[in-house]
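Spelled out from the first residue to the last, the chains are:
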Amino acid sequence: MSKHFHNLQTFDSDAFLKDATKDLARRMEQPARRMFLSRALTLGGLSLLSGCAIVDENSAEAALMEVSRWNDKVQGWLFDPNRLAPTYADSMITRPFPFNAFYGEDEIRPVDGERYRLEVTGLVADRHSWSLQELHALPQADQVTRHICVEGWSAIGKWGGIPFSSFLRRVGADLTAKYVGFKCSDDYYTSIDMPTALHAQTLLALSYDGQPLPPRYGFPLKLRMPTKLGYKNPKHIQAIFVTNTYPGGYWEDQGYNWFGGT
Ligand SMILES: Nc1nc2c(c(=O)[nH]1)N[C@H]1C(S)=C(S)[C@@H](COP(=O)(O)O)O[C@H]1N2
Ligand SMILES: [Mo]
């Protein structure tokens, strides 16, 4: 941890904090655990924690950003790669499933499926670009899961596509790398941690409710993760890259928590 946390840094290594945090979380009941992970910190609390006087907006923002990065670290430690998010019966699918983006539904930019190629770059052995036909030829799976948006709604939907872990293995990705980043054709971008990329329910989705993804839900390709909040699930994916350099994200760079677990 960096400058605002010099108090903590002087007497504790990350490894010690990691063990202590995991232990504490294990012994807490669910609601307490939620509170513990919640972002509810007052400026006073923030001041105490950082050991710095918070005198202006910039230092408050810097301290909050640091708390958010600390929160990312804790969420990463507590993420259980074998724990599955709930799944639902088809009859529970929310109809119509909501649309959301940083622009309105009338501003969706069309993507030409014939000319589409998915770029795969960074720490991967096979850097070739994939046509939709090639992607459809890979083994597919589907899921009925709940999508949770921080704007205050959630909905159950059905997505089908390629288990992302099998895709990463197929392209010879460095599975020890820290991040997988996504660039979208609408200029949205985001990135995720490798353990979530390899989670059994992380899907490179080509379909919604048995039909090719419609434009509003991210044609031709989106990443679907029931273990992460809505803004972490990129639609209209144009490029995927594997990296050890923190790539951030459209909302994350404006202060949304990067790990963004559900
Ligand atoms: N390319 C792209 N992906 C995106 C977004 C976006 O604006 N552009 N918005 C995110 C947010 S905040 C949400 S809640 C979901 C909405 O997905 P939906 O339209 O399928 O409900 O997409 C996420 N992925
Ligand atoms: Mo969202």
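Here the structure is a predicted model, which means the values were calculated and not measured.

Participant: It is not clear to me how the overall build of the protein chain should be interpreted in this structure. Could you clarify?
Facilitator: Secondary structure summary: the protein chain contains eight helices and nine strands in total. When each of the 262 residues of the protein chain is scored for burial, the buried share is 45%. Of all intrachain contacts in the protein chain linking residues separated by at least 6 positions in sequence, the fraction that spans at least 24 positions is 69%. Accessible surface computed for the protein chain: about 13,600 Å², of which carbon and sulfur atoms make up 54%.

Participant: So what exactly am I meant to see when it comes to the nonpolar core here?
Facilitator: Soluble globular proteins: nonpolar side chains tend toward being buried together. Membership of the largest hydrophobic core comes to 28 residues, with the highest contact counts inside it found for Leu118, Leu135, Phe164, Phe167, Val180, Leu204 and Ile240. Secondary-structure elements contributing two or more residues to this core are helix 6 (132-136), helix 7 (164-170), strand 4 (179-184), helix 8 (194-197), strand 6 (203-208) and strand 9 (237-243). For Leu118, the residues in contact, after removing those within four places along its chain, are His128, Ser129, Trp130, Leu135, Phe167, Leu221, Ile237, Gln238, Ala239 and Ile240. Formed by 11 residues, the second largest nonpolar core is a distinct cluster that contains Phe97, Val144, Ala155 and Tyr208.

Participant: I'm lost on the sheet that holds strand 9 in this one. Help?
Facilitator: Within a sheet, adjacent strands bond to each other through the backbone by hydrogen bonds, running parallel or antiparallel. The strand order across the open sheet built from four strands is 1-9-4-5, with neighbouring strands paired in mixed fashion. Strand pairing shows two members of the sheet lacking a second neighbour, strand 1 (119-122) and strand 5 (189-193), which therefore form its edges. Here the strands of the sheet are splayed against their neighbours by 20° on average, with no regard to which way each runs. Where strand 4 and strand 9 come together, six bridges link them in antiparallel fashion. Across the sheet, residue Tyr179 finds its bridge partner in strand 9, namely Thr243.

Reading guide: rules and limits
Residues numbered from 1 in each chain as written. Chains lettered and ligands numbered in written order. Predicted model: local features only at pLDDT ≥ 70, side-chain atom pairs only at ≥ 80, totals over all residues. Heavy atoms only, no water. Helix = DSSP H or I, 4+ residues; strand = E, 2+ residues; numbered from the N terminus. Buried < 20%, exposed > 50% of the residue type's maximum accessible area, 1.4 Å probe, protein only. Contact = heavy atoms within 4.5 Å. Areas by Shrake-Rupley, 256 points an atom, 1.4 Å probe, with all protein chains shown as cover. Core = buried A, V, L, I, M, F, W, Y, C linked by side-chain atoms within 4.5 Å. Pairing = 2+ DSSP bridges. Axes fitted to C-alpha atoms, helices over the stretch in contact; angles between N-to-C directions.

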